[in-house]
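Next come the chains, spelled out residue by residue.
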Amino acid sequence: MIVKIGGLIEQFLAWFSTERAKIKAQAADIEAKLTKQNLSPLPAKTTAHLLSKIDELPSHPAHIKAVQSKLQEALTQWKSDPDAPNSLVVLTSPIEDIEAILKETIEAQKEKIPEVKSLPNEARSLRCSAPKTTLKGKLELSRPSQFQVLVVIPDLSWCFLRCAEGLEGIEYLQEKILDDRERFWLIGCNNWTWKYLNRVCNLSAYLEQTLPLPTLRDIELKEWLLEVSETIDFDFADNRDDRNDKSEIEVDNEENWTSKSEQRYYSHLANISLGMSSVAAKLWVKSLCVLESDEESTNSDTASKSFILQKAVLPELPTLTKDDRYLLYSTSLHGNMSLSELALSLGEPESTVRAQVQFLWRSGVIECKQGTISLNPIYYPRVRTNLDNNQFLVGGL
């Protein structure tokens, strides 16, 4: 028996040695191919152009359709049943543009909704001063002219600030929605905000009807990006030798795909982006590379270059301190914030917060645009995992 076991061990070791050599050879072959291809990052001008085109894309039709369907169902019940909920909260991730989604939904449904009152965008800039007064003044909720008024709060984060007395606006909305049955309230909210407000003021007891927006599948991401991807001629990198790709699936609807490489790419993209369009869009641009010949330089005209779409890869996070995590949590809780709002939320001097912001901005983790600070969507999956692992109150995707 001992001889037999010894023989089996020897056979296993020989097999393992052979397989390890094969894997090393495959890895070396892949590395050699990439080196031979001479891949370079996209020129900054091309990257900026593609990101600008993506910013112009409408919200994904799957999200608009989901909100339209649920809103019509909720409105019908509200009009016919006095005990039906008079509100609908649409939940999404902190990096998705819930304001745009609700705006496009209302625009498509305007013929079915006689009267709409929406909280204007400038309300967000007043959330750290007097949120209750701001809501009263901006909504101007006089007695409705008919029993078909839709009040829209595009983003619930505009109505509070995570600081002392920062919940006055939320408390006002709770009372107003509960007492005012003559209006229906459509409210956008990110999952982190929703979980936080549920913890501190039991918000779901007042706003009981919610709609989490669906995550997007591979084909939905491809079709949404098509308007931009068709503006640049590229080939898909062949990643068939990548044994670490957990998203590999069989091609089931071949009419949707031009090749297995295409579906392999978008299947992996949907997986690592968590099915979020804002993350997927940034990853798509980041995975585009320039394939140059030895004579070409990275600064030459892009029209003469070939482009390769490599497998999408999430960027690594820098080492985060506890203070960095609180900053990222507070920023994501509100979608975007000014430096003064962020400092007030964190209870720190602006000079201290500015230094933190500078580090995270240089690392690429946050974006600073037009005086506001927000999380860079491409880092969202890793930031969410990091905060979740460190016991922060992050909810849903």
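Let me sum up the structure you'll find in this document. One numbering rule holds for all chains: residues counted from 1, following each sequence as written. In keeping with the model being predicted, local features are shown solely for residues with a pLDDT of at least 70 and side-chain atom pairs are shown and tallied solely at 80 or more, while totals for entire chains, interfaces and linings include all residues. Note: side-chain values were computed over all heavy atoms of the structure, leaving out hydrogens and water.

With that settled, the discussion passes to the sheet that holds strand E6 (residues 210-212). Strand pairing requires that DSSP identify at least two bridges connecting the strands. To qualify as a helix, a DSSP run of H or I must reach at least 4 residues; to qualify as a strand, a run of E must reach at least 2; elements of each kind are numbered from the N terminus. One open sheet holds the five strands; their spatial order is E3-E4-E5-E2-E6, and the pairing between them is parallel. Looking at which strands have only one partner, the edges of the open sheet turn out to be strand E3 (115-118) and E6. Here the average twist between neighbouring strands, direction ignored, is 20°. In this sheet, strand E4 (residues 149-153) lies alongside E3 in parallel orientation, the contact comprising four bridges. Within the sheet, the bridge partner assigned to Lys 117 lies in E4 and is Val 151. In this description, contact between two residues means that some pair of their heavy atoms is separated by no more than 4.5 Å. Axis definition: a line fitted to C-alpha atoms, limited for helices to the stretch in contact. Angles are taken between N-to-C directions and run from 0 to 180 degrees. Lying over the sheet, helix H3 (residues 61-80) contacts strand E2 (87-92), E4, strand E5 (183-190) and E6, oriented at roughly 150° with respect to E5.

So, about the sheet that holds strand E1 (residues 39-41). The strand order across the open sheet formed by four strands is E1-E8-E9-E7, and the pairing between neighbours is mixed. Both outer strands of the open sheet, E1 and strand E7 (234-236), are each paired with one neighbouring strand and no more. Taking each pair of neighbouring strands and ignoring which way they run, the sheet shows an average axis angle of 40°. Relative to strand E9 (residues 306-309), strand E8 (residues 288-291) is paired through four bridges, and the arrangement is antiparallel. Within E9, the position partnered with Leu 288 by the bridge is Leu 309.

Taken N-terminus to C-terminus, the directions of helix H8 (residues 218-229) and helix H9 (residues 260-272) make an angle of 105°; their axes are 8 Å apart at the nearest point. The angle between H8 and H9 falls in the class roughly perpendicular. Contact residues: Asp 218, Leu 221, Lys 222 and Leu 225 in H8; Glu 262, Gln 263, Tyr 266, Ser 267, Leu 269 and Ala 270 in H9. For this classification, the nonpolar set comprises Ala, Val, Leu, Ile, Met, Phe, Trp, Tyr, Cys and Pro, the charged set comprises Asp, Glu, Lys and Arg, and every other residue, Gly included, is treated as polar. For the contact of H8 with H9, the per-class residue count stands at five nonpolar, two polar and three charged. For classification purposes, an angle smaller than 35 degrees is called roughly parallel, one larger than 145 roughly antiparallel, one from 65 to 115 roughly perpendicular, and anything else oblique.

Our next topic: the nonpolar core. Counting 85 residues, the largest nonpolar core has Leu 156, Ile 170, Leu 197, Leu 269, Trp 284, Leu 288 and Tyr 329 as its most contacted members. When residues of this core are assigned to their parent elements, the largest contribution, six residues, is made by helix H10 (residues 277-287). For Ile 170, the residues in contact, after removing those within four places along its chain, are Leu 156, Cys 159, Phe 160, Leu 197, Cys 201 and Leu 203. We define the nonpolar core as a collection of buried residues of types Ala, Val, Leu, Ile, Met, Phe, Trp, Tyr and Cys that are connected through side-chain atoms lying within 4.5 Å of one another. Only protein chains enter the area calculation, which uses a 1.4 Å probe; residues under 20% of their type maximum are buried, those over 50% are exposed, and those in between are partly exposed. Of all hydrophobic cores here, the second largest spans 19 residues; its members include Ile 113, Val 152, Leu 186 and Leu 211.

Moving on, we get to helix H12 (residues 339-346). Of all eight residues in H12, six are buried, a share of seventy percent or more. Taken as a whole, H12 has its buried residues at Leu 339, Glu 341, Leu 342, Ala 343, Ser 345 and Leu 346. Those residues of H12 hidden inside the fold are in contact with helix H11 (322-333), helix H13 (350-362) and strand E11 (372-375).

By salt bridge we mean one thing: a side-chain nitrogen of Lys or Arg within 4 Å of a carboxyl oxygen of Asp or Glu. Within this structure, the stated rule accounts for nine salt bridges. Linking Lys 53 and Glu 56 is a salt bridge whose minimum nitrogen-to-oxygen distance equals 3.9 Å. Here Lys 70 and Glu 73 are joined by a salt bridge, their closest N and O atoms 3.7 Å apart. Linking Lys 70 with Glu 73, this pair stays in helix H3, spanning three residues, or about one helical turn.

We now examine the pairing of E8. Judged from the three bridges that link them, E1 and E8 form a sheet pairing that is antiparallel. Bridging from a neighbouring strand, Leu 39 pairs with Leu 291 of E8.

Now for unusual backbone geometry. One non-glycine residue, Leu 274, adopts positive backbone phi at about 60°. On the secondary structure map, Leu 274 appears in the loop between H9 and H10. Exposure remark for Leu 274: the relative accessible area of 26% places this residue in the partly exposed category. In this model, Gln 391 sits at a positive phi of 70°, which is unusual for a non-glycine residue. Note on Gln 391: relative accessible area 69%, which makes it exposed.

Take the side chain of Asn 190 next. Of note, Asn 190 is situated in strand E5. Taking relative accessible area as the criterion, Asn 190 reaches 6% and is therefore assigned buried. Two N or O atoms form a polar contact when they lie within 3.5 Å of each other; inside protein one atom must be a possible hydrogen donor and the other a possible acceptor, and for residues adjacent in sequence the pair counts only when both atoms belong to side chains. Within the local environment of Asn 190, its side chain forms a polar contact with the backbone oxygen of Ser 332, the two atoms lying 3.3 Å apart. Looking at Asn 190, its side chain comes within polar contact range of the main-chain oxygen of Leu 333, at 3.3 Å. Look past the residues within four positions of Asn 190 in its chain and what remains in contact with it is Thr 92, Ser 93, Pro 94, Ser 332, Leu 333 and Gly 335.

The next subject is the packing of H9 against H10. Following both chains from N to C, one finds H9 and H10 inclined at 130°, their axes separated by 10 Å at the closest point. Taken as axis vectors, H9 and H10 run oblique relative to one another. Taken as a pair, H9 and H10 cross one another with a handedness that is right-handed. Two secondary-structure elements touch here, H9 through Tyr 265, Tyr 266, Leu 269 and Ile 272 and H10 through Ala 280, Leu 283, Trp 284 and Ser 287. In the contact of H9 with H10, the residues fall into seven nonpolar, one polar and no charged. For a crossing to be left-handed, the near helix must be turned anticlockwise from the far one by less than a right angle; the clockwise case is right-handed.

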